[in-house]
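# Structural features, examined
Each chain, written out:
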There are 2 protein chains.
Amino acid sequence: MVNPLDKSKVPQATVPRLARYLRVLHRLERDGVPKVSSKELAEKLDANAAQIRKDFSYFGEFGVRGVGYEVKFLIGELSKCLGLNQDWNVVICGAGKLGQALARYRGFREEGFKLVGIFDSSRYVIGTEVDDLVVLAERDLIAFVRENNVHIAIITVPAEAAAGVAQKVIEGGVKGILNFAPVRLSPPEDVFVRQVDLSTELMVVSFYLSQRGQ
Amino acid sequence: MVNPLDKSKVPQATVPRLARYLRVLHRLERDGVPKVSSKELAEKLDANAAQIRKDFSYFGEFGVRGVGYEVKFLIGELSKCLGLNQDWNVVICGAGKLGQALARYRGFREEGFKLVGIFDSSRYVIGTEVDDLVVLAERDLIAFVRENNVHIAIITVPAEAAAGVAQKVIEGGVKGILNFAPVRLSPPEDVFVRQVDLSTELMVVSFYLSQRGQ
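For clarity, every value in this text was computed on a predicted model and none was experimentally measured. (Residues numbered from 1 in each chain as written. Chains lettered and ligands numbered in written order. Predicted model: local features only at pLDDT ≥ 70, side-chain atom pairs only at ≥ 80, totals over all residues. Heavy atoms only, no water.)

Where charged atoms from two side chains of opposite charge come close, those side chains can pair. Taken as a whole, this structure holds 14 salt bridges over all chains when the rule is applied. Note that A:Lys39 is salt-bridged to A:Glu43, the shortest N-O span being 3.9 Å. Taken together, the residues span about one helical turn, with A:Lys39 and A:Glu43 both in helix H2 (residues 38-45) at a distance of 4 residues. The closest approach of N and O atoms between B:Glu201 and A:Arg194, which form a salt bridge, is 2.5 Å. Highlighted residues: B:Glu201 in helix H9 (residues 198-213) and A:Arg194 in strand E10 (residues 192-195), drawn from two different chains. (Salt bridge = Lys/Arg side-chain N within 4 Å of Asp/Glu carboxyl O. Helix = DSSP H or I, 4+ residues; strand = E, 2+ residues; numbered from the N terminus.)

What follows is the structure, encoded as structure tokens:
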């Protein structure tokens with residue numbers, strides 16, 4: 001009943017929503033809930049049921065009208081779609097406060113993201129411990145990424161250092177980057193960069209606050 | 001020529017893009033560039049020129065076909081739209097690594113977000129200094145928010161503490177929340193919550209990596 005999925009047809013805005021659906025579904029599974037309707041999911045997510053059905057439709061027919069979706073099945077399909085049916089080796093580049101916060105963030109590990117290294121360029125930071133990892137020197141980044149089959153790099157260095165670090169991890173073979181540095185990277189076509197910009201997030205809040213003041 | 005803007009008509013997905021356009025425009029202004037076309041903007045943003053023109057169209061006619069947009073004018077309009085023509089008082093709730101990283105993040109201040117307080121519930125953290133601010137006790141949060149006209153709260157406490165903290169800042173009068181805790185809040189209708197979920201961001205990366213592997 002499920003069509004083979006052509007991921008290239010999934011709109012960009014749908015992908016983060018799938019991750020959010022998955023989180024809620026995990027919670028339902030823990031609570032022992034076997035089935036859920038798009039309406040119930042929508043309520044839990046403060047989202048729109050039609051949007052949810054549309055998002056799921058990219059993956060074929062998941063649910064039965066009036067009966068809802070099987071939670072376990074849906075978790076399996078969404079996980080596969082998001083690439084969570086395999087392990088991903090991750091490095092963090094930049095062991096400042098943000099890098100340390102991310103290294104300690106448990107949510108990553110639960111979804112199959114394995115932090116294998118954390119790097120910094122400061123001799124005051126190299127050799128210190130973050131969680132269970134010793135901070136390594138940025139000059140060893142390319143070799144480490146290559147030898148440890150690292151898939152994803154999280155960049156938490158200052159803006160002016162981000163391009164240099166990105167170049168290194170890409171040279172080592174990384175194909176996916178989560179960039180927290182407030183600067184746009186220009187990667188080669190076969191490298192995917194997701195930009196997380198913290199001031200953008202605050203501006204979304206101020207947009208809505210000022211809208212209310214209109 | 002510019003229509004009065006009804007912000008409620010601006011689609012949700014457009015808002016973060018406006019913030020990104022603004023950042024690039026600021027850079028162009030610093031470089032002394034007076035005009036820019038949607039095509040040039042698209043190249044700098046690795047985005048689609050038609051999308052940019054569509055996003056701008058919500059604000060009326062900004063540009064002249066074939067001539068492009070005036071950078072300074074566009075910065076003014078986008079800033080107004082995003083609510084950046086006023087100052088916003090911000091508190092950070094949770095002085096752990098992530099809270100400290102955000103407190104030190106310069107990007108916030110540049111856009112008129114003024115960090116006025118940082119709070120924690122641990123007696124080992126209360127009284128320590130983060131940047132120029134002394135960490136205050138969470139039990140004083142409601143009164144502080146009320147007395148200091150705080151508009152926005154950034155929540156960086158663990159998931160299980162987030163709902164309690166949100167309730168306090170809302171009781172104190174906060175109408176906008178940026179929530180980093182991996183849990184969905186259920187605020188009253190007049191409070192806007194923007195959820196930043198770090199594992200969601202990583203899943204967006206793994207989605208695209210696994211797509212390539214198909």
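Below, the discussion takes up the interface of chain A and chain B. Each partner contributes to the interface: chain A provides 63 residues, whereas chain B provides 63 residues. For the pair chain A and chain B, the summed buried area comes to about 6000 Å², and 69% of that belongs to carbon and sulfur atoms. At the junction of chain A with chain B, the criterion picks out 4 salt bridges. Breaking the side of chain A that touches chain B down by element, the ones donating at least two residues are helix H1 (14-30), H2, helix H5 (97-103), helix H6 (106-110), strand E8 (152-155), strand E9 (176-179), E10 and helix H9 (198-213) of chain A. At 15 residues, the largest contribution of residues to the side of chain A that touches chain B is made by H9(A). (Contact = heavy atoms within 4.5 Å. Buried area = accessible area lost by both parts, 1.4 Å probe.)

Looking now at the relation of the copies chain A and chain B. For the pair chain A and chain B, the best superposition has an RMSD of 0.0 Å and corresponds to a rotation of 180° with a translation of 0.0 Å parallel to the axis. Such values leave the two copies arranged in the relation of a two-fold axis. (Least-squares fit on C-alpha atoms with pLDDT ≥ 70 in both.)

Okay, the packing of aromatic side chains next. Residue and element names in this part refer to chain A. Counting across every chain of the model gives 10 aromatic pairs over all chains. Look at Phe119 and Phe144: their rings are 5.1 Å apart centre to centre, the planes differ by 70°, and that puts the pair in the edge-to-face class. Here the residue Phe119 occupies a position in strand E4 (residues 113-120), and Phe144 occupies one in helix H7 (residues 141-147), the gap between them amounting to 25 residues. The class of Phe119 is buried, set by a relative accessible area of 1%. (Phe/Tyr/Trp six-rings, centres within 6.5 Å; stacked < 30°, edge-to-face > 60°. Buried < 20%, exposed > 50% of the residue type's maximum accessible area, 1.4 Å probe, protein only.)

Residues and elements named next belong to chain A. Spatially, E7-E4-E3-E8-E9-E10 is the arrangement adopted by the 6 strands of the open sheet, whose pairing is parallel. The open sheet has two edge strands, strand E7 (136-137) and E10, and neither has a second partner. Sheet analysis places E8 next to E9, joined by 4 bridges and oriented parallel. Residue Ala153 lies in a different strand from E9, and its bridge partner there is Ile177. (Pairing = 2+ DSSP bridges.)

Let's shift gears to the packing of helix H1 (residues 14-30) of chain B against helix H3 (residues 49-57) of chain B. All names here are of chain B. Contact pair H1 / H3: the axes reach a minimum separation of 11 Å and the direction vectors enclose 105°. When the interaxial angle is binned, H1 and H3 end up roughly perpendicular. Of the residues in H3, those touching H1 at Thr14, Arg17, Leu18 and Tyr21 are Gln51, Ile52, Asp55 and Phe56. Across the contact of H1 with H3, the residue classes tally to 4 nonpolar, 2 polar and 2 charged. (Axes fitted to C-alpha atoms, helices over the stretch in contact; angles between N-to-C directions. Parallel < 35°, antiparallel > 145°, perpendicular 65-115°, else oblique. Nonpolar A, V, L, I, M, F, W, Y, C, P; charged D, E, K, R; others polar.)

Let us now look at empty space enclosed by the protein. According to the stated counting rule, one finds 2 cavities of 30 Å³ or more in the structure shown. Roughly 50 Å³ of volume is contained in the largest cavity. Taken together, A:Pro182, A:Val183, A:Arg184, A:Gln195, A:Asp197, B:Arg20, B:Arg23, B:Val24, B:Arg27 and B:Leu45 make up the lining of the largest cavity. Partitioning the lining of the largest cavity into residue classes produces 4 nonpolar, 1 polar and 5 charged. As a volume, the second largest cavity reaches approximately 40 Å³. Surrounding the second largest cavity, A:Arg20, A:Arg23, A:Val24, A:Arg27, B:Val183, B:Arg184 and B:Gln195 form its lining. With 4 residues, H1(A) is the single largest residue contributor to the lining of the second largest cavity. Of the residues belonging to the lining of the second largest cavity, the class tally is 2 nonpolar, 1 polar and 4 charged. (1 Å grid on protein atoms, 1.4 Å probe; cavity = no way out; pocket = protein on both sides within 12 Å on 5 of 7 lines; lining within 4 Å. Points joined across faces, edges and corners; volume = space filled by probe spheres on them.)

With that settled, consider the side chain of B:Gln100. Assignment of secondary structure puts B:Gln100 in helix H5 (residues 97-103). Owing to a relative accessible area of 17%, B:Gln100 belongs among the buried residues under this scheme. At a separation of 2.9 Å, a polar atom in the side chain of B:Gln100 contacts the side chain of A:Lys97. Discounting residues that sit within four places of it in the chain, B:Gln100 has contacts with A:Lys97, B:Ala95 and B:Val130. (Polar contact = N/O pair within 3.5 Å; in protein donor to acceptor, adjacent residues only side chain to side chain.)

Right, let's get into the pairing of strand E4 (residues 113-120) of chain B. In summary, the side chains of a regular strand alternate between the two faces of the sheet. All names here are of chain B. Bridge count between strand E3 (residues 88-93) and E4: 6 bridges; the pairing is parallel. Pairing of Val91 across the sheet is with Gly117, part of E4. By the bridge criterion, 2 bridges tie E4 to strand E7 (residues 136-137) in an arrangement that is parallel. Paired with Phe119 across the bridge in E7 is Leu136.

This part is about the packing of helix H2 (residues 38-45) of chain B against H3(B). Residues and elements named next belong to chain B. Where H2 contacts H3, the two axes come as close as 8 Å, and the packing angle between them is 115°. Considered as vectors, H2 and H3 are oriented roughly perpendicular to each other. The chirality of how H2 crosses H3 is right-handed. Of the residues in H3, those in contact with Ser38, Lys39, Leu41, Ala42 and Leu45 of H2 are Ala49, Ile52, Arg53 and Phe56. A breakdown of the residues in the contact of H2 with H3 according to their chemical character gives 6 nonpolar, 1 polar and 2 charged. (Left-handed = near helix turned anticlockwise from the far one by under 90°.)

Geometry only, nothing functional implied.
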